[in-house]
Amino acid sequence: MPDHPGEPQARQPLWFLVVYALAWAGGSIAYVPFLTILLPVRVTALAGSAGAVVWLSTIAFFGAIAASAGHIAFGWLSDVTGNRRGWAVLGLALSCALLLAVPWARTLGELIVIVAAWQVGLNMMLAPLAAWGADSVPNSQKGLLGGLLAFAPGLGALAGAMVTLPGLASADGRLVLVALTVAAAVLPALLLAPQAPPGAALPDPAPAAPVTTLRQAALHMWTARLLVQVAEAALFSFLYLWFRSIDPDVDDHLTARVFSLVLVLSAPVALIAGRWADRHRRALTPLVVCTLIAPFGLVGMALSHSIAAGIASYAVFGFSTSIFLALHSAQTLRTLPDSRRRGRDLGLFNLTNTMPSLVMPWFTLALVPWFGFSGLFILFAALALVSAVILARLQARFGREN
């Protein structure tokens, strides 16, 4: 997709991209261990195994609403105030404080309130950070940026594996460790990285893409990501419970190790794929390939009857979708039609991350009792193939970028 007005032309030094990617990883370190391991374990302890799915689904529903509204609102506020850094600092402080308040919750209602407020604080940090990258990184480095962003989920999962090491910390102590790690990851960017003025980037000397063309591309990118995120959101919330449905002896630490290993191993491949996309100016090709691989993992998961087969199949799915989501996040920045409202527009893009969490818990509750997880995974495989078709058509329409 061609460049457009507001596109910064100066290449960023590697240290900027690294500290920015580390700050983005801070968001993953905040929510991956908490939402995939620490919260499900806490909910299971409070509600029992029978009530855990309902509790988690309810919490995910209200948390997704809070995250959706927060990302749009604080992205827009960082646009109109021209201050990305200040909102991100405030969000970091608020999200860490609310994470430490989780042990106070003893009922479903209390957990909903705290988790929803935590989601608002977290997106108060993430929304300005996302727009900060759009302000600062030129198209010629977006593949590299996407590759570096791919390390974020792996670091988040690795944090989950570390804090759940037996004997390292109590349940409440694990939350403290997560908050401290998040702060250590995010603060270098907030303290050291220069902030480009929103909408004030250098003008693009190349012919600009029409705004309507960019809007159409943005809609296709939005739809393609949503279809993949439906599957990712379900596995994000229910991976632990799905593993236990295959083998009741599976514990939280095994789930965290599998999750982290898949994400960590996918990051270097995403980095290579992102650099390839930059050099060959084929931004969408790696995305198409990933959406063609993911269905194989999902079908394998649907057919799995042993924990080894389940882990192997999940690895194929997780490997491909991790690369897809990281590279998609960076390449999406090409399609933003208004440089003055990048924060708001990225908040709308973030709906692809939160909308599945609004729908999938209830969809899961409706389908799993009748068809099991296998029926769900077959549906997800079909959606991933539709995403591949959308992206392939978008790539063919734009061809090689100028």
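Refer to the preceding data block for the structure.
Just so we're clear, the structure is a prediction, and the values are computed from it rather than from any experiment.

Student: Can you break down unusual backbone geometry residue by residue, with the values?
Tutor: The phi dihedral of Arg281 is positive, around 55 degrees, even though this residue is not glycine. One can find Arg281 in the loop between α8 (252–280) and α9 (285–303). Judged by relative accessible area, Arg281 falls into the partly exposed class, the value being 38%.

Student: Which residues make up the environment of Gly109, and what are the values?
Tutor: With respect to the helices, strands and loops of the structure, Gly109 is situated in helix α3 (residues 108–136). Given the relative accessible area of 40%, Gly109 is considered partly exposed. Separated by 54 residues in the primary sequence, Gly109 and Trp55 have C-alpha atoms spaced 9.7 Å apart.

Student: Talk me through a nonpolar patch on the surface; I want residue IDs and the actual numbers.
Tutor: Together, Leu22, Phe151, Leu155, Leu158, Met162, Leu165, Leu168, Leu177 and Val264 make up an exposed nonpolar region whose accessible area comes to about 680 Å². The dominant element in the nonpolar patch, judged by the number of residues it contributes, is helix α5 (residues 151–163), at four residues. Among the structural elements, Leu177 can be located in helix α6 (residues 171–192). Among the residues examined, Leu177 registers a relative accessible area of 30% and is labelled partly exposed.

Procedures and definitions
Residues numbered from 1 in each chain as written. Predicted model: local features only at pLDDT ≥ 70, side-chain atom pairs only at ≥ 80, totals over all residues. Heavy atoms only, no water. Helix = DSSP H or I, 4+ residues; strand = E, 2+ residues; numbered from the N terminus. Buried < 20%, exposed > 50% of the residue type's maximum accessible area, 1.4 Å probe, protein only. Patch = residues over 30% accessible without salt bridge, like charges linked within 9 Å, V, L, I, M, F, W, Y side chains within 5 Å. Areas by Shrake-Rupley, 256 points an atom, 1.4 Å probe, with all protein chains shown as cover. Salt bridge = Lys/Arg side-chain N within 4 Å of Asp/Glu carboxyl O.

Purely spatial values, then, with no claim about function.
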